[in-house]
Amino acid sequence: MRVAEADTKSIGPDLLGIEELSAEQITAILDLAEHYREQMNGGTEKLDDLQGIVVANLFFEPSTRTRTSFNLAARRLGADTVDFSSSGSSLSKGETFVDTALTIEAMGVDLVVCRHRTPGAPHMLARHLKAGVLNAGDGTHEHPTQALLDMLTIRQRRDIRGLKVALVGDIRHSRVARSNIHGLQKLGAKVIVCGPATLIPRTITQLGVEVAYNLDEILSEVDCVNLLRVQFERQRGAFFPSIEEYAHLFGMTGERIRRAKEGLLVLAPGPINRGVELTPDVADGPNSLILNQVTNGLFVRMACLSLLAQERRRLRQSG
Ligand code: CP
């Protein structure tokens with residue numbers, strides 16, 4: 001597929017969440033990501049799709065995968081990049097979040113990638129900036145590019161329509177869970193959320209998912225598990241008695257893989273905690289797609305940047 005073909009399925013000037021996207025828009029992003037994967041063919045060739053575009057990474061929260069892959073994706077497509085970290089910035093002198101973003105934008109930035117601990121922070125930037133804004137994770141709300149790379153990884157192995165996917169773990173604090181629920185359901189998958197009752201909000205059923213509190217009871221029926229990290233940094237108070245008990249009840253082990261459906265796909269957004277949400281033999285075993293997810297993250301982010309850059313150019317031309 002050529003980039004121009006994806007142009008007919010514009011995703012708009014910003015990418016703030018999966019909730020706002022249609023199935024057709026999600027599919028267009030995944031198709032373009034696949035196109036970039038084929039075009040790169042394992043190499044490090046530089047393309048020129050983002051020639052003349054400046055991309056700023058504004059990260060107000062730690063990141064390894066998302067930050068690195070957005071940076072690399074922008075450079076692979078020929079963009080200039082600016083990398084901003086909140087630590088060591090003028091935020092410590094009292095500059096606000098929005099003033100910081102406006103300052104960076106004033107240096108000629110076209111696209112802003114934003115991660116922030118506050119839900120809605122990228123949406124606030126989208127209201128204040130002329131630049132296109134990509135949400136790289138906002139608190140417990142959404143992490144759209146993570147869900148897109150998860151869906152691409154699943155789609156490379158199975159038809160998503162009719163698939164049964166379990167999101168296991170800390171659903172309450174997970175932006176990855178929310179983005180995956182929206183995306184997978186739009187593409188026709190059935191989603192089960194599974195974890196301790198204290199980590200599954202009652203309102204989650206309003207999103208149309210099934211709820212399970214016992215991983216062993218659903219193992220034989222699911223095609224894919226996405227193992228979410230227990231987000232201790234977002235928790236106030238204890239949600240389960242001990243890590244050992246959590247790992248015993250909800251950790252994916254070799255023994256559980258043997259009782260699961262043949263060919264179970266094992267995903268984890270990372271960072272992974274070996275021995276908590278999964279054991280090392282599962283993380284490094286044949287069912288694990290964890291590093292495939294990371295690789296796909298690069299192509300998904302190339303696709304998202306490319307689609308938003310087209311929108312920027314269109315807006316520039318129309319004055
Ligand atoms: N999955 C994910 O968002 O990882 P990082 O926090 O390392 O970006």
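Residues numbered from 1 in each chain as written. Predicted model: local features only at pLDDT ≥ 70, side-chain atom pairs only at ≥ 80, totals over all residues. Heavy atoms only, no water.

K.L.:
What is the right way to read the packing of aromatic side chains from this model?
P.N.:
How two aromatic rings sit relative to each other is set out by the distance from centre to centre and by the angle between their planes. The tally for this structure, following the rule as stated, stands at 3 aromatic pairs. Here F60 and F97 contribute two aromatic rings whose centre-to-centre distance is 5.0 Å and whose plane-to-plane angle is 80°, an arrangement assigned as edge-to-face. Of the two residues, F60 sits in the loop between β1 (54-59) and α3 (65-76) while F97 sits in helix α4 (residues 97-105), which places them 37 residues apart along the sequence. Judged by centre distance (5.6 Å) and plane angle (35°), the ring pair of Y246 and F250 falls under tilted. In this pair, Y246 and F250 are both assigned in helix α9 (residues 243-250), 4 residues apart and thus about one turn of the helix distant. Judged on exposure class, the residue Y246 and its partner F250 are both buried. Taken together, the ring pairs connect F60, F84 and F97 into an aromatic cluster. Against the face of F70 rests R301, its NZ or CZ located 5.3 Å from the ring centre. (Phe/Tyr/Trp six-rings, centres within 6.5 Å; stacked < 30°, edge-to-face > 60°. Helix = DSSP H or I, 4+ residues; strand = E, 2+ residues; numbered from the N terminus. Buried < 20%, exposed > 50% of the residue type's maximum accessible area, 1.4 Å probe, protein only. Lys NZ or Arg CZ within 6 Å of the ring centre and 35° of its normal.)

K.L.:
Before we go on, may I ask you to explain the domain arrangement of the protein in this structure?
P.N.:
Many analyses report the size of an interface as the accessible area lost when the parts associate. Parsing the protein into structural domains produces domain 1 (5-142 + 297-313) and domain 2 (158-288). When each unit is reduced to the centre of its C-alpha atoms, the spacing between domain 1 and domain 2 is 27 Å. With 19 residues of domain 1 at the contact, the number on the domain 2 side is 14 residues. Summing both partners gives a buried area of about 1,200 Å² for domain 1 against domain 2, and 54% of it is carried by carbon and sulfur. Among the residues of domain 1 in contact with domain 2, R65, T140 and E142 are the three that bury the most area, contributing 38% of the side total. Put simply, domain 1 and domain 2 have 1 salt bridge between them. Note that R175 is salt-bridged to E61, the shortest N-O span being 3.0 Å. At the junction of domain 1 and domain 2, the tally comes to 7 residue pairs in polar contact (both at pLDDT 80 or more). With 4 residues, the top contributor of residues to the side of domain 1 that touches domain 2 is helix α2 (residues 23-40). (Domains from an automatic or database assignment. Contact = heavy atoms within 4.5 Å. Buried area = accessible area lost by both parts, 1.4 Å probe. Salt bridge = Lys/Arg side-chain N within 4 Å of Asp/Glu carboxyl O. Polar contact = N/O pair within 3.5 Å; in protein donor to acceptor, adjacent residues only side chain to side chain.)

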